[in-house]
Amino acid sequence: MRIPHHRPRTTTAIGLTLLVALCVSLGIEQWRVAGRTFRLGEQLHSINKRGGKEETTCWRLKKGQGIILRGGMMTTPDGQTSSNIVPPDANTECPGVSSSEAGRQSSCEGCPNQSKCKSGEAAEKQGQAYAVIEERMSEVNHTILVLSGKGGVGKSTVAASIAWNLAQKGFMVGILDVDICGPSIPKMLGVSGMTVQQSSFGWEPVMATSNLCVMSIGFLLNHPDDAVIWRGPRKDALIRQFLSQVNWGALDYLIIDTPPGTSDEHISTAQYLAQTRIEGAVIVTTPQDVSLSDVRKEITFCRKVGIPILGVIENMKGLTVPMPMAVGDKEEHQEGEHAAAAVGAHRGDNAALKGTIKMKSSIQIIDMNTNEDLTEVAIEVLKRAFPTRRLGFHTDDILPPTSGGARQMAQDMSVPYLGLVPLDPVLARACDLGFEDKYGIGEGQACLRRIVDSIAKSSEHV
């Protein structure tokens, strides 16, 4: 069992946050603290020292809208954003629990939270929840969200790969799976069937390796095939529990895998992390325009809620597979060499690896007019022409975009393009069987390693 590391930390920011929220909710437009006069409409700054670094927290105060913290979480009609929490089961046009109009506006009529908002109980609970989450997350140095507006683009694969590769570099890493209806992370990291243990410090995450811990609703299901059929409030409550009750301890990185879209799970995660520093979001897409159009919405979401964008990863961009060395040689074994070294040479992927890489190839070469299988003839010709080469098949456009693709989209929306990841049978097998070194590293994983290197390098300067 991990021994939790706890250390005292300042609560100045928490106290000032609650004081500001209280004054605004009471309609007080100016007040004095420590000899300084504060007024609605100006910005307040508070400095926390965490891990030897100074962090500046900024509030903008506006009457009737509570406080705005670090860019905020709720977009208001005038374009401002607010950390004022809107309950997941609230009515449309909810003013937020910290607003002076909470429970009193006509839009509050019939809301199940009206009495709690009107009495101030909801705002008090919000402050308490924020304080607990901030304390839990105080020892997490870097929090990275993996997002996409589109489903099926490989978010969980990317999230698991980022976490795994960071752990391989020696960092202490946690990965939180908030894809509540489709939790994939336990299977991808080879910890399916494990259970969450309760300790005096909270829920203990499952350890995939000595420096990689995992939390997912997948650990809480009675059977892996059980469906999670929940509405927004239950999802919100579970995310709050994950952030406030899991004993992450001291982490270099916390990777958060999210479902597709910009709805309940994303809003809850963004709101609850409002008072912690989010490193940023990695946004995953595939090359087709049908994916890019939804990813643009995700980028807009991040900007509205104040989440920095680390960049876009273009997944499933191309395909590289080894060519069978003989007819019927459907399973290949290659000792101590990169599975895609020859065909990936144009990308610089010539790194040698230890272990055995097992690949299955069902690639055929056919006559497009007659559908005749010419694989045997073609392989023999190629073997005679290149007797010492390890050959394979590669295409950049297996999912061709009809516009400029993810790189052009990133340029148009002024966000970084982190790189491409091709379809990779080795990576697919690792996701099915659990990431382990014995499965080797194909071109997709090699591309992800370079992306992780750039993310880790940029984090060092934050």
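Coordinates for the structure precede this section.
These numbers come from a predicted model, not from an experiment. (Residues numbered from 1 in each chain as written. Predicted model: local features only at pLDDT ≥ 70, side-chain atom pairs only at ≥ 80, totals over all residues. Heavy atoms only, no water.)

### Quick notes on the side chain of Thr285
We apply this condition: Secondary structure elements are defined from DSSP: runs of H or I of at least 4 residues count as helices, runs of E of at least 2 residues count as strands, and each element is numbered from the N terminus. By the criterion applied in these results, polar contacts are pairs of N or O atoms within 3.5 Å in which, for protein atoms, one can donate a hydrogen and the other can accept it, and in which residues neighboring in sequence qualify only through two side-chain atoms. Residues count as neighbours in contact if any of their non-hydrogen atoms are within 4.5 Å of one another.
Within the secondary structure, Thr285 sits in strand β15 (residues 280–285). Among the polar contacts made by the side chain of Thr285, one reaches the side chain of Ser291 at a distance of 2.8 Å. In this view, Thr285 contacts Val153, Ser291, Leu292, Val295, Val312, Ile313, Glu314, Asn315 and Ala406; residues no more than four positions away in its chain are not counted.

### Some thoughts on empty space enclosed by the protein
Stated formally: As defined here, a cavity is a set of points on a 1 Å grid over the protein atoms alone where a 1.4 Å probe fits but cannot get out. A pocket is an open set with protein on both sides within 12 Å along at least five of seven lines, and residues line them when an atom is within 4 Å of a point. Grid points are joined across faces, edges and corners, and a volume is the space filled by probe spheres set on the points. For this scheme, ten residues count as nonpolar: Ala, Val, Leu, Ile, Met, Phe, Trp, Tyr, Cys and Pro. Four count as charged, namely Asp, Glu, Lys and Arg, and the remainder, Gly too, count as polar.
For the structure on display, the rule yields 5 cavities of 30 Å³ or more. Forming the boundary of the second largest cavity are 14 residues, of which Cys94, Pro95, Cys108, Cys111 and Cys117 lie nearest the centre. Split into classes, the residues belonging to the lining of the second largest cavity amount to 8 nonpolar, 6 polar and no charged.

### Considering the packing of aromatic side chains
Heads up, the rule is: Centres within 6.5 Å make a pair out of two Phe, Tyr or Trp rings, where for Trp the six-membered ring is used; the pair is then stacked when the planes are under 30 degrees apart, edge-to-face when over 60, and tilted otherwise. The buried label applies to any residue whose accessible area, calculated with a 1.4 Å probe on protein chains only, is under 20% of its type's maximum; exposed applies above 50%, and partly exposed to all values in between.
Counting across every chain of the model gives 2 aromatic pairs. When the ring of Phe171 is compared with that of Tyr253, the centres are 5.2 Å apart and the planes differ by 80°; the resulting orientation is edge-to-face. Taken together, the residues Phe171 in the loop between α4 (155–168) and β9 (173–177) and Tyr253 in strand β14 (residues 251–257) connect sequence positions 82 residues apart. An angle of 70° between the planes, with centres 6.1 Å apart, marks the rings of Trp203 and Phe242 as edge-to-face. Of this pair, Trp203 sits in strand β11 (residues 202–204) while Phe242 sits in helix α6 (residues 232–245), placing them 39 residues apart in sequence. Note on accessibility: Trp203 and Phe242 belong to one class, buried.

### Examining the pattern of salt bridges
For clarity, the cut-off: Every case where a carboxyl oxygen of Asp or Glu lies within 4 Å of a side-chain nitrogen of Lys or Arg is listed as a salt bridge.
Under the definition given, this model contains 5 salt bridges. One salt bridge in this structure joins Lys169 and Asp453, with 2.3 Å as the shortest N-O distance. Highlighted residues: Lys169 in the loop between α4 and β9 and Asp453 in helix α12 (residues 443–460), separated in sequence by 284 residues. A relative accessible area of 42% places Lys169 in the partly exposed class. Residue classification places Asp453 among the partly exposed positions, given a relative accessible area of 33%. Put simply, Glu265 and Lys235 hold a salt bridge, and the shortest N to O gap is 3.3 Å. Here Glu265, found in helix α7 (residues 264–272), pairs with Lys235, found in helix α6; they are 30 residues apart in sequence, far enough to count as distant. The residues Glu265 and Lys235 share a single accessibility class, namely buried.

### A closer look at unusual backbone geometry
Positive phi outside glycine occurs at Met316, with the angle close to 60°. Residues other than glycine seldom take positive phi values, yet Ser414 does so here, at roughly 60°. Locating Ser414 in the fold gives a position in the loop between α10 (405–412) and β20 (417–423). The exposed category is assigned to Ser414, whose relative accessible area is 64%.

### Overview of α4
In an α-helix, one turn spans 3.6 residues, which is why side chains three or four residues apart end up on the same side. Basically, it comes down to this: One less than the residue count of a helix, multiplied by 1.5 Å, gives the span that helix is expected to have.
Given a rise of 1.5 Å per residue, 14 residues ought to cover 20 Å, and the 20 Å separating the end C-alpha atoms of α4 matches this to within 8%. Burial runs high along α4: 13 of the 14 residues are buried. Following α4 by one or two positions, Gly170 has its phi on the positive side, about 100°.

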